Amino acid sequence: MGRATQLTEEALVALAEGRAGDLGRRMTDYHALLRAARLSTGPIERLVAAALAAGSLGAKITGGGLGGCMIALAPPQRAREVTRRLHEAGAVQTWLIPLKGLDNHAP
């Protein structure tokens with residue numbers, strides 16, 4: 001099994017079991033694979049770093065690559081700070097969307 005498949009399967013299990021911290025770590029690990037494949041950009045790297053520094057549980061590029069989008073998983077109490085730091089790092093638009101099933105679990 002390839003590393004990408006392994007991370008995806010581990011993320012699915014973490015999501016199904018409500019383990020937000022594990023899901024976030026798998027997201028960040030998968031981002032490292034995408035960065036190594038040269039699918040990330042400097043601006044995305046700054047956003048991922050800002051999200052993680054602000055307390056996100058994980059962050060990664062999303063979409064087809066090179067499009068300027070990323071996703072971060074943050075505990076509810078850190079979401080506003082993550083948003084603020086993303087804007088400081090250059091984010092043009094952000095959305096806060098509760099992830100059902102993880103909102104009652106500890107990271």
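Residues numbered from 1 in each chain as written. Predicted model: local features only at pLDDT ≥ 70, side-chain atom pairs only at ≥ 80, totals over all residues. Heavy atoms only, no water.

### Details of the pairing of strand 1 (residues 58-61)
Side chains on a regular strand alternate between the two faces of the sheet.
Logical step 1: A two-sided burial pattern is seen for strand 1, the buried positions comprising Gly58 and Lys60 on one face and Ala59 and Ile61 on the other.
Logical step 2: Bridge count for strand 1 against strand 2 (residues 70-73) is four bridges, and the pairing is antiparallel. Bridging across to strand 2, Gly58 finds its partner in Leu73. (Buried < 20%, exposed > 50% of the residue type's maximum accessible area, 1.4 Å probe, protein only. Helix = DSSP H or I, 4+ residues; strand = E, 2+ residues; numbered from the N terminus. Pairing = 2+ DSSP bridges.)

### Things to note about the packing of helix 3 (residues 42-53) against helix 4 (residues 79-88)
Logical step 1: For the pair helix 3 and helix 4, the least separation of the axes is 8 Å and the interaxial angle reads 150 degrees. When the axes of helix 3 and helix 4 are compared, the pair comes out roughly antiparallel. Where helix 3 crosses over helix 4, the handedness of that crossing is right-handed. Along the contact surface, helix 3 presents Leu47, Ala50, Ala51 and Ala53, while helix 4 presents Val82, Arg85 and Leu86. (Axes fitted to C-alpha atoms, helices over the stretch in contact; angles between N-to-C directions. Parallel < 35°, antiparallel > 145°, perpendicular 65-115°, else oblique. Left-handed = near helix turned anticlockwise from the far one by under 90°. Contact = heavy atoms within 4.5 Å.)

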